[in-house]
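# Structural characterization, general
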Amino acid sequence: MDQIQFNIIFRKPEYPVIVISANRLYSAFNIKQLAKSCVSSVPIEKNSYIQVIDSSGSEFWYSPEKYILSPGFAFKKWTKKMIIEAFNNSINAKDTSQEYSMKSLSSKRLEKILRDICEMLRP
């Protein structure tokens, strides 16, 4: 891990972030945790990159071959519902028997939902 040069190009994500690995979700509250989570993650099926969702709902892509994190080129924003479903369907949620409530989403801010989920993902 110490030998790897982890790079962020174009712009930094807003912390905390959720890192979506094939086998589980990770949360990161700073660049050191983000680098560690990205390097230990596995891309989902047909993707060559690892998805990272920041607290604004923006998607970033981490390239394991180049050790580079950049804003996703599809420029899609994750919705509250998408973030909650990603957590509720994750191995993490099943292992800990946790679920994030889908009730009253309109009254909850996206940043609050993402922060709550990141706290639930903390090791």
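Use the structure listed above.
Bear in mind that the values here come from a model prediction, so they are computed numbers and not experimental data.

The next thing to look at is the overall build of the protein chain. Across its full length, the protein chain holds 4 helices and 6 strands. Mapped in sequence order, the helices and strands of the protein chain form the string β-β-β-α-β-β-β-α-α-α. Rg of the C-alpha trace for the protein chain: 14 Å, near the compact-globule value of 14 Å for 123 residues, within the 12% margin. Projected onto its principal axes, the C-alpha coordinates of the protein chain cover approximately 45 × 30 × 30 Å. Across the 123 residues that make up the protein chain, the buried fraction comes to 41%. Accessible surface computed for the protein chain: about 7,200 Å², of which carbon and sulfur atoms make up 55%.

Another aspect to go through is the layout of surface pockets. What the largest pocket holds in volume is close to 370 Å³. In terms of lining, the largest pocket is formed by 18 residues, of which the most central are Tyr26, Ser27, Leu121, Arg122 and Pro123. Secondary structure elements with two or more residues in the lining of the largest pocket: strand 3 (25-28), helix 1 (31-39), helix 3 (91-96) and helix 4 (110-121). Class assignment of the residues belonging to the lining of the largest pocket gives a composition of 7 nonpolar, 7 polar and 4 charged.

Moving on, we get to the sheet that holds strand 1 (residues 7-8). With mixed pairing, the 6 strands of this open sheet are ordered in space as 1-6-5-4-2-3. Two strands in the sheet have a free side with no partner beyond their single neighbour: strand 1 and strand 3. The sheet contact formed by strand 2 (residues 17-20) and strand 3 spans 4 bridges and is antiparallel. When the bridges of strand 3 are listed, Val19 appears paired with Tyr26.

Scanning the model with the defined rule gives 3 aromatic pairs in all. A ring pair is formed by Tyr49 and Trp61, whose centres lie 4.2 Å apart and whose planes are at 20°; its orientation type is stacked. In this pair, Tyr49 sits in the loop between helix 1 and strand 4 (50-53) while Trp61 sits in strand 5 (residues 59-63), placing the two residues 12 residues apart along the sequence. Side by side, Tyr49 and Trp61 carry an identical accessibility label, which is buried. The structure contains a cluster of three or more aromatic residues connected by ring pairs, namely Tyr49, Trp61 and Phe73.

We now examine the nonpolar core. Soluble globular proteins: nonpolar side chains tend toward being buried together. Judged by nonpolar contacts, the single largest core of 18 residues is most densely connected at Ile18, Ile83, Phe87 and Ile117. Among the secondary structure elements, those contributing two or more residues to this core are strand 2, helix 2 (80-88) and helix 4. By residue number, the principal contributor to this core is helix 4, which donates 6 residues. With sequence-adjacent residues up to four places away left out, Ile83 is seen in contact with Ile18, Ile53, Trp78, Leu110, Leu114 and Ile117. Phe6, Val52, Phe60 and Tyr62 belong to the second-largest nonpolar core, a separate cluster that totals 12 residues.

Scoring rules and cut-offs
- Residues numbered from 1 in each chain as written.
- Predicted model: local features only at pLDDT ≥ 70, side-chain atom pairs only at ≥ 80, totals over all residues.
- Heavy atoms only, no water.
- Helix = DSSP H or I, 4+ residues; strand = E, 2+ residues; numbered from the N terminus.
- Rg over C-alpha atoms; globule rule 2.2 N^0.38 Å.
- Buried < 20%, exposed > 50% of the residue type's maximum accessible area, 1.4 Å probe, protein only.
- Areas by Shrake-Rupley, 256 points an atom, 1.4 Å probe, with all protein chains shown as cover.
- 1 Å grid on protein atoms, 1.4 Å probe; cavity = no way out; pocket = protein on both sides within 12 Å on 5 of 7 lines; lining within 4 Å.
- Points joined across faces, edges and corners; volume = space filled by probe spheres on them.
- Nonpolar A, V, L, I, M, F, W, Y, C, P; charged D, E, K, R; others polar.
- Pairing = 2+ DSSP bridges.
- Phe/Tyr/Trp six-rings, centres within 6.5 Å; stacked < 30°, edge-to-face > 60°.
- Core = buried A, V, L, I, M, F, W, Y, C linked by side-chain atoms within 4.5 Å.
- Contact = heavy atoms within 4.5 Å.

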